[in-house]
Amino acid sequence: MTADTHRSDDGGEDGLAETFWAVSRRLRHRTREALAPWDVTPAQSRALGVLNRHGALRLSALAEHLRIAPRSATEVVDDLETRGLVRRRPDPADRRATLVAPTEEGTRTGAAIRAARRAAAEELFGGLAPADREQLARILRTLRD
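As the structure is a prediction and not an experimental result, all values here were calculated from the model.

Procedures and definitions
- Residues numbered from 1 in each chain as written.
- Predicted model: local features only at pLDDT ≥ 70, side-chain atom pairs only at ≥ 80, totals over all residues.
- Heavy atoms only, no water.
- Core = buried A, V, L, I, M, F, W, Y, C linked by side-chain atoms within 4.5 Å.
- Buried < 20%, exposed > 50% of the residue type's maximum accessible area, 1.4 Å probe, protein only.
- Helix = DSSP H or I, 4+ residues; strand = E, 2+ residues; numbered from the N terminus.
- Salt bridge = Lys/Arg side-chain N within 4 Å of Asp/Glu carboxyl O.
- Pairing = 2+ DSSP bridges.
- Contact = heavy atoms within 4.5 Å.
- Axes fitted to C-alpha atoms, helices over the stretch in contact; angles between N-to-C directions.
- Phe/Tyr/Trp six-rings, centres within 6.5 Å; stacked < 30°, edge-to-face > 60°.
- Expected span 1.5 Å × (residues − 1).
- Arc of directions from axis to C-beta.
- Parallel < 35°, antiparallel > 145°, perpendicular 65-115°, else oblique.
- Nonpolar A, V, L, I, M, F, W, Y, C, P; charged D, E, K, R; others polar.

Ala47, Leu51, Leu62, Val77, Leu80, Val86 and Val100 are the most contacted members of the largest nonpolar core, which totals 17 residues. Elements with a minimum of two residues in this core: helix H2 (42–54), helix H3 (59–66) and helix H4 (70–82). For this core, the element with the most residues is H2, which contributes four residues.

Right under this line is the structure:
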């Protein structure tokens, strides 16, 4: 039995936490596999997704959306910009500030990545009955908030 399939029979919090972490590891592994064709990190994928959903943002706002330090957001944007997926431009509201926006290629790539991530999640959660999926989603939203 692998670490991902190990089940705790004690039913206590340790068993619940271990099961949660095992599922989380499986989802991260499938996500990494889904991102492989684009050679992007999960952080780059998330940043591209935020920019595609919200449009041009200041680096500080992007960092807030990603819940990472501004310096880390700068590194993520540097890598995406080098690959032609985002571009920086002056903020028309404050020329001292910079906005980051997806390029056309970034928009296309972001849509393809979103579809691949959705397929990876469907592969993992697809075996659940619709009612179970709804209940799991409700529980996870409660824990997240």
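So much for the structure itself; the text now carries on.
Glancing now at the pattern of salt bridges. Counting across every chain of the model gives 10 salt bridges. Arginine 58 is paired through a salt bridge with aspartate 94; the nearest N and O atoms lie 3.9 Å apart. With arginine 58 in strand E1 (residues 57–58) and aspartate 94 in strand E3 (residues 94–102), this pair connects stretches of sequence that are 36 residues apart. Among the ionic pairs, arginine 88 bridges to glutamate 81, the shortest N-O distance being 2.4 Å. A cluster of three or more residues bridged by salt bridges with shared partners is formed by Arg58, Asp91, Asp94 and Arg96.

For the rest of this paragraph, the subject is the sheet that holds strand E2 (residues 86–91). Spatially, E1-E3-E2 is the arrangement adopted by the three strands of the open sheet, whose pairing is antiparallel. Edge positions in the sheet fall to E1 and E2, since each of these pairs with one other strand and no more. Pairing of E1 with E3, which is carried by two bridges, proceeds in the antiparallel orientation. If you follow arginine 58 over to E3, its bridge partner there is leucine 99. Docked against the sheet, H4 engages E2 and E3, running at close to 120 degrees with respect to E2.

With that settled, the discussion passes to the pairing of E2. Here six bridges tie E2 to E3, and the two strands are oriented antiparallel to one another. Directly across from proline 90, in E3, lies its bridge partner threonine 98. In textbook terms, the turn of a hairpin is the stretch between consecutive antiparallel strands, and for E2 and E3 this stretch comprises two residues.

Applying the stated criterion across every chain, the model contains one aromatic pair. Pairing phenylalanine 20 with tryptophan 21 gives two aromatic rings, centres 6.0 Å apart and planes at 80 degrees, and the pair type is edge-to-face. Accessibility expressed as a relative area gives 46% for tryptophan 21, which makes it partly exposed.

Between its first and last C-alpha, H4 extends 18 Å over 13 residues, near the 18 Å set by a 1.5 Å rise per residue. Every buried residue of H4 is listed here: Ala73, Thr74, Val76, Val77 and Leu80. Relative to the axis of H4, the buried residues are bounded by an arc of 165 degrees and lie together on one face. Among the exposed residues of H4, those pointing more than 90 degrees away from its buried face are Arg71 and Thr82. In the segment just after H4, glycine 84 is the residue with positive phi, at about 80 degrees.

This brings us to the packing of H3 against H4. H4 packs onto H3 with a crossing angle of 100 degrees between their chain directions and a minimal axis gap of 9 Å. Considering the angle they form, H3 stands roughly perpendicular to H4. Here Leu59, Leu62 and Ala63 of H3 come into contact with H4, specifically with Pro70, Ala73, Thr74 and Val77. Class assignment for the residues of the contact of H3 with H4 results in six nonpolar, one polar and no charged.

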